[in-house]
Amino acid sequence: MNQDSNTGAIRQRNRQLIINAAVREFAQKGFSGTTVQSIADRAELPKPNVHYYFGSKEALYQEVLTHILSLWDGSLDLLVAEDDPKAFITEYISKKITFSRENPEASRIFAAEVINGAPHMKKRFGKQYHEWFTGRCDIIKQWQSTGKVNPDLSAEHLLLIIWASTQHYADYELQVKAALGQRRLNLEVYDQAEKTLTALVLAGMQIS
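Nothing here was measured: the structure is a model prediction, and the numbers come from that model.

Draft legend 1. Here's a closer look at the nonpolar core. Leu76, Ile89, Trp143, Val201 and Met205 are the most contacted members of the largest nonpolar core, which totals 30 residues. Those elements giving two or more residues to this core turn out to be α5 (85–102), α7 (127–145), α8 (155–171) and α10 (187–204). Per-element tally for this core: the top contributor is α7, with seven residues. If we skip the residues at most four places from it in the chain, Trp143 touches Leu79, Val80, Ala81, Asp83, Pro85, Phe88, Ile89, Lys148, Val149 and Met205. In terms of nonpolar packing, the next biggest core, distinct from the first, is built from 27 residues, Phe54, Tyr61, Ile109 and Phe110 among them.

Written out as structure tokens, the structure is:
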């Protein structure tokens, strides 16, 4: 490995260490309660490294939020009218449940940001976001117009319900554990949640 490649690998490793540490800190302490020093300490890197790679706590927080949105929205970006409704919705719910299982802290950071009025994301939730969401719904409406999906459903609320149902297992993990009488949510819980939600959604869409 040449020097440039080695430098690039170190840079990528350090950035990822910082992002991982930031997710843990922001999830536990919120934006205001988190400091650059606490992120550096968790990442086991010098504080100047955080400033070097990200500039500021605000910029790092924005990076974390952007990463979360890209993971969530990326699957819907791939949706096209030619997709098979059953196959796409089944896979989409699976991906959303998997995200909640593997990235609960990231999900809670996003939820807290939105609950608090999205002070750091207002620009992301403007006209462009509405147009993106409308475009996704329009594809579902095309399925409805060709008889592939129940025409009585609201495409908009279908997606919102999928979001709410899948993210619940991360954002309200403590409540779910208490309700199920479990100390931790194991893989079986997520499998059951995925199968149940998929069955309910497909039934509502009138897809067998």
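Draft legend 2. Fine view of the layout of surface pockets. Within this model, the largest pocket holds a volume of roughly 370 Å³. Taken together, 20 residues make up the lining of the largest pocket; nearest its centre are Trp72, Phe110, Val114, Gln167 and Asp171. When contributions to the lining of the largest pocket are tallied by element, the ones reaching two or more residues are α4 (57–77), α5, α6 (104–115) and α8. By residue class, the composition of the lining of the largest pocket is 14 nonpolar, two polar and four charged.

Draft legend 3. Structural view of helix α9 (residues 173–180). Taken residue by residue, α9 has Glu173, Val176 and Lys177 as its buried positions. Looking down the long axis of α9, one finds its buried residues gathered within 100° of arc, a one-sided arrangement. Set apart from the buried face of α9 by more than 90 degrees, the exposed residues are Leu174, Ala178 and Ala179. Where α9 terminates, the next one or two residues include Gly181, which has phi positive at roughly 70°.

Draft legend 4. Layout of the pattern of salt bridges. Counted by the stated rule, this structure contains nine salt bridges. Residue Glu91 is joined to Lys95 by a salt bridge in which the shortest nitrogen-to-oxygen separation is 3.4 Å. Remark: Lys95 and Glu91 occur in helix α5; sequence separation between them is four residues, near one turn of the helix. Owing to a relative accessible area of 43%, Glu91 belongs among the partly exposed residues under this scheme. By relative accessible area, which is 35% here, Lys95 ends up partly exposed. Bridged by salt links that share partners, the residues Glu25, Lys29 and Arg42 form one connected network.

Draft legend 5. Geometry of the packing of aromatic side chains. Enumeration over the complete set of coordinates arrives at ten aromatic pairs. Seen from their ring centres, Phe125 and Tyr129 are 5.0 Å apart, and the 90° between their planes marks the pair as edge-to-face. Here Phe125 falls in the partly exposed class, since its relative accessible area comes to 30%. Each ring, one from Tyr129 and one from Trp132, has its centre 5.4 Å from the other, and the planes form 40°; the classification is tilted. Here Tyr129 and its partner Trp132 are both found in helix α7, three residues apart, which amounts to about one turn of the helix. A relative accessible area of 17% places Trp132 in the buried class. One aromatic cluster is present, formed by Phe110, Phe125, Tyr129 and Trp132 through successive ring pairs. Sitting above the plane of the Phe31 ring, Lys57 keeps its charged end 4.3 Å from the centroid.

Draft legend 6. Expanded view of unusual backbone geometry. Even without being glycine, Glu44 reaches a positive phi, approximately 60°. By the element assignment, Glu44 lies in the loop between α2 (36–43) and α3 (47–54). You can call Glu44 exposed: its relative accessible area is 71%.

Thresholds applied
Residues numbered from 1 in each chain as written. Predicted model: local features only at pLDDT ≥ 70, side-chain atom pairs only at ≥ 80, totals over all residues. Heavy atoms only, no water. Core = buried A, V, L, I, M, F, W, Y, C linked by side-chain atoms within 4.5 Å. Buried < 20%, exposed > 50% of the residue type's maximum accessible area, 1.4 Å probe, protein only. Helix = DSSP H or I, 4+ residues; strand = E, 2+ residues; numbered from the N terminus. Contact = heavy atoms within 4.5 Å. 1 Å grid on protein atoms, 1.4 Å probe; cavity = no way out; pocket = protein on both sides within 12 Å on 5 of 7 lines; lining within 4 Å. Points joined across faces, edges and corners; volume = space filled by probe spheres on them. Nonpolar A, V, L, I, M, F, W, Y, C, P; charged D, E, K, R; others polar. Arc of directions from axis to C-beta. Salt bridge = Lys/Arg side-chain N within 4 Å of Asp/Glu carboxyl O. Phe/Tyr/Trp six-rings, centres within 6.5 Å; stacked < 30°, edge-to-face > 60°. Lys NZ or Arg CZ within 6 Å of the ring centre and 35° of its normal.

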